[in-house]
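Okay, here's what each chain looks like letter by letter:
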Amino acid sequence: MSAVQSPMMDSLLRHMIELTGQRDHNLLDVAIISAVHEMLEASQVRVLDIVPSEEGDMLRPRAWIRHGEVMAQDDSGQPVAGGTPMSGYPVLIDCLAQRLNRIEETRADGEHVLWVPLWQGDKAPACLQIFSTAPFAASTLNMMEGILSVYRNYQNLLEYSERDSLTGLLNRRTFDDKFSRMVSFNRAADEEQAQSLERRHPGDLEGQWLAVVDIDHFKRVNDQYGHLYGDEVLILVANLLRSSFRTQDRVFRFGGEEFVVLLCSVSLTDARNAFERFRANIEAHYFPQVGTVTVSLGFVAITDETPVVVLGHADQALYYGKSNGRNQVCFYDELVEQGLLQSGVVNADAEFFFDDANDDQMR
Ligand SMILES: Nc1nc2c(ncn2[C@@H]2O[C@H](COP(=O)(O)OP(=O)(O)OP(=O)(O)O)[C@@H](O)[C@H]2O)c(=O)[nH]1
């Protein structure tokens, strides 16, 4: 190995170690842009999400490094404001259409821009945008390709570990992490507003909401049609969950026939409408062989309470719905205000039992 190659090799190895040590999407982003920034001697590197919207695809920065300063979009579940229409970047559109691994353009001011789609199969949900004052050298570009392959593999592995294998939804383990981030974000926002605003009430402001969704009488589906059809129902419900909520909302399979939805930055009315729309979508859907399936939902405002308490309250609202006819959306705070549920601290080991015979009598 020549003396000239050695520092480059050292740097490559250092970046590989940094990349492969990450277990978090944001930190992986930061590691890759730091590596590319140094290897290509770039002036700026950005990771941009390519987000479909009604106005066409939008580009939204999720991490960037500029003048040595690294920034990553907080994954608190907050929607990222705006974005730039991709239609303003014909070179990138061309690159995606031709399914290229990269494309370089030289702007009128002499700046070189390298676009690198981050392909996942035949889709590129994100890309790198790399700026440099000098043209990119072929040898360093090849080295960048290598490190990008490692980055892509790690992103895929991370993605795989976060998901439930039957439905492809986020799993319960991932929920704990996303939920903590959401609560920390709320706490910071509350502290900021504490001096100037009255105490937040779930109904006044846009907020975060958690719903527990449970398929009604799912045991009957399994008993009557077998587990394979039961699994098929779970997959179809998961698909309807995905299509009924916005991309920035989060949907989890909690286990069995229970799902959790986190909605961000919506008012109580909008949250209720979104949950009600999903309930109606399920009721209107024809499930092959099984026919009609319904779901019950219990939801609650996310405050800075622990996940156990928030989930416990949503569960209480859900089981109120289950014991009062099923196929409905119930809001915890409203049930407490109406005296239909008792508010209280939920024990970490609390389980809510539902008496089927009792339910049938009530209907
Ligand atoms: N097919 C299939 N069934 C599952 C899976 N996980 C849990 N189940 C079944 O889900 C059923 C849940 O039934 P219960 O908790 O008694 O509730 P339910 O019949 O849905 O009734 P309610 O919730 O009271 O409306 C059980 O029969 C479980 O065996 C799975 O991954 N696949």
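The present account deals with the structure reproduced in this document. The shown structure was predicted, so the numbers you read here are calculated from the model rather than taken from an experiment. (Residues numbered from 1 in each chain as written. Predicted model: local features only at pLDDT ≥ 70, side-chain atom pairs only at ≥ 80, totals over all residues. Heavy atoms only, no water.)

## Quick word on the overall build of the protein chain
The test is simple: For helices the rule is a DSSP run of H or I covering at least 4 residues; for strands it is a run of E covering at least 2, with both sets numbered from the N terminus onward. A simple rule labels every residue: compare its accessible area, found with a 1.4 Å probe on the protein chains alone, to the largest value its type can have, and call it buried under 20%, exposed over 50%, or partly exposed in between. Contact definition: two residues touch when any of their heavy atoms are within 4.5 Å.
Summing up its helical and strand segments, the protein chain has 11 helices and 12 strands in all. The 363 residues of the protein chain split such that 45% are buried. A sequence separation of at least 24 residues applies to 63% of the contacts in the protein chain between residues at least 6 apart.

## Things to note about the packing of aromatic side chains
We apply this condition: To pair, rings of Phe, Tyr and Trp, with the six-membered ring standing in for Trp, must have centres within 6.5 Å; the planes then decide the type, stacked if under 30 degrees apart, edge-to-face if over 60, and tilted in the middle. In this scheme, the term charge over a ring applies when either NZ of a lysine or CZ of an arginine sits within 6 Å of the ring centre and within 35 degrees of the ring normal.
Using the criterion set out here, one finds 10 aromatic pairs in the structure. Seen from their ring centres, Trp 209 and Phe 299 are 6.2 Å apart, and the 65 degrees between their planes marks the pair as edge-to-face. Taken together, the positions of Trp 209 in strand S8 (residues 207–215) and Phe 299 in strand S11 (residues 295–301) put the pair 90 residues apart, joining distant regions of the chain. Overall, Phe 299 belongs to the buried group, its relative accessible area being 1%. Following the ring pairs from residue to residue traces out a cluster consisting of Trp 209, Phe 245, Phe 275, Phe 278, Phe 299 and Phe 331. The ring of Trp 119 is capped by Arg 99, whose NZ or CZ atom sits 4.5 Å from the centre of that ring.

## Remarks on the nonpolar core
Just so we agree on the cut-off: Residues belong to one nonpolar core when they are buried, are Ala, Val, Leu, Ile, Met, Phe, Trp, Tyr or Cys, and are joined through side-chain atoms within 4.5 Å.
Judged by nonpolar contacts, the single largest core of 35 residues is most densely connected at Trp 209, Phe 275 and Phe 278. Counting residues per element, the ones that place at least two in this core are S8, helix H6 (218–225), helix H7 (227–244), strand S10 (258–266), helix H8 (268–284), S11 and strand S12 (329–331). Among the elements that take part in this core, H7 stands out by supplying seven residues, more than any other. The next biggest cluster of nonpolar side chains, apart from the first, holds 29 residues, and it includes Leu 12, Leu 19, Leu 114 and Phe 136.

## Concerning the site of the ligand
Put simply, the rule is: Residues are counted as near a molecule or strand when any one of their heavy atoms sits within 4 Å of it. Residues adjacent in sequence count toward polar contacts only when both atoms are side-chain atoms; beyond that, a polar contact is any pair of N or O atoms within 3.5 Å, and within protein one must be able to donate a hydrogen and the other to accept it. Under the convention used here, a 1.4 Å probe and the Shrake-Rupley method define accessible areas, while residue burial counts only the protein chains that appear.
Looking at the ligand, there are 17 residues lining it, with His 217, Phe 218, Lys 219, Asp 231 and Arg 326 nearest. His 217 has a polar backbone atom sitting 2.8 Å from an oxygen atom of the ligand. A distance of 3.3 Å is found between a nitrogen atom of the ligand and a backbone nitrogen or oxygen belonging to His 227. In the complex, the protein chains occlude 69% of the 670 Å² of accessible area that the ligand would expose alone.

## Notes on the pattern of salt bridges
Spelled out, the test is: Any carboxyl oxygen of Asp or Glu that lies within 4 Å of a side-chain nitrogen of Lys or Arg is treated as forming a salt bridge with it.
For the structure on display, the rule yields 13 salt bridges. A salt bridge links Glu 276 to Arg 279; its shortest N-O distance comes to 2.7 Å. A residue pair is termed a helical-turn pair when its members lie 3 or 4 positions apart in one helix, as Glu 276 and Arg 279 do in helix H8 at three residues. Judged by its relative accessible area of 31%, Glu 276 is partly exposed. Connected via shared salt-bridge partners are Asp 29, Asp 49 and Arg 62.

## Here we look at the sheet that holds S8
Put simply, the rule reads: Two strands pair under a simple rule: DSSP has to find at least two bridges between them. Axis geometry follows a simple rule: fit a line to the C-alpha atoms, using only the stretch in contact for helices, then measure angles between N-to-C directions, giving values from 0 to 180 degrees.
Taken together, the five strands give an open sheet; going across it, the order is S9-S10-S8-S11-S12, and neighbouring strands pair in mixed fashion. The open sheet terminates on both sides in strands that have one partner only, identified here as strand S9 (250–255) and S12. Strand-to-strand twist in this sheet, taken as the mean axis angle between neighbours without regard to direction, amounts to 20 degrees. Here S8 runs beside S10; their pairing, made up of seven bridges, is antiparallel.

## Details of the pairing of strand S6 (residues 112–117)
Counted residue by residue, S6 has six buried out of six residues, so it is predominantly covered. The side-chain alternation of S6 yields two buried faces, one formed by His 112, Leu 114 and Val 116 and the other by Val 113, Trp 115 and Pro 117. In the sheet, strand S5 (residues 103–106) pairs with S6 via four bridges, with the strands oriented antiparallel. For Glu 105, the partnering residue across the bridge sits in S6 and is Val 113. Remark: five residues form the turn of the hairpin made by S5 and S6, two consecutive strands paired antiparallel; Gly 110 in that turn has positive phi of roughly 90 degrees. Pairing geometry for S6 and strand S7 (residues 126–132), over six bridges, is antiparallel. Considered in S7, the bridge of Val 116 is made with Leu 128.

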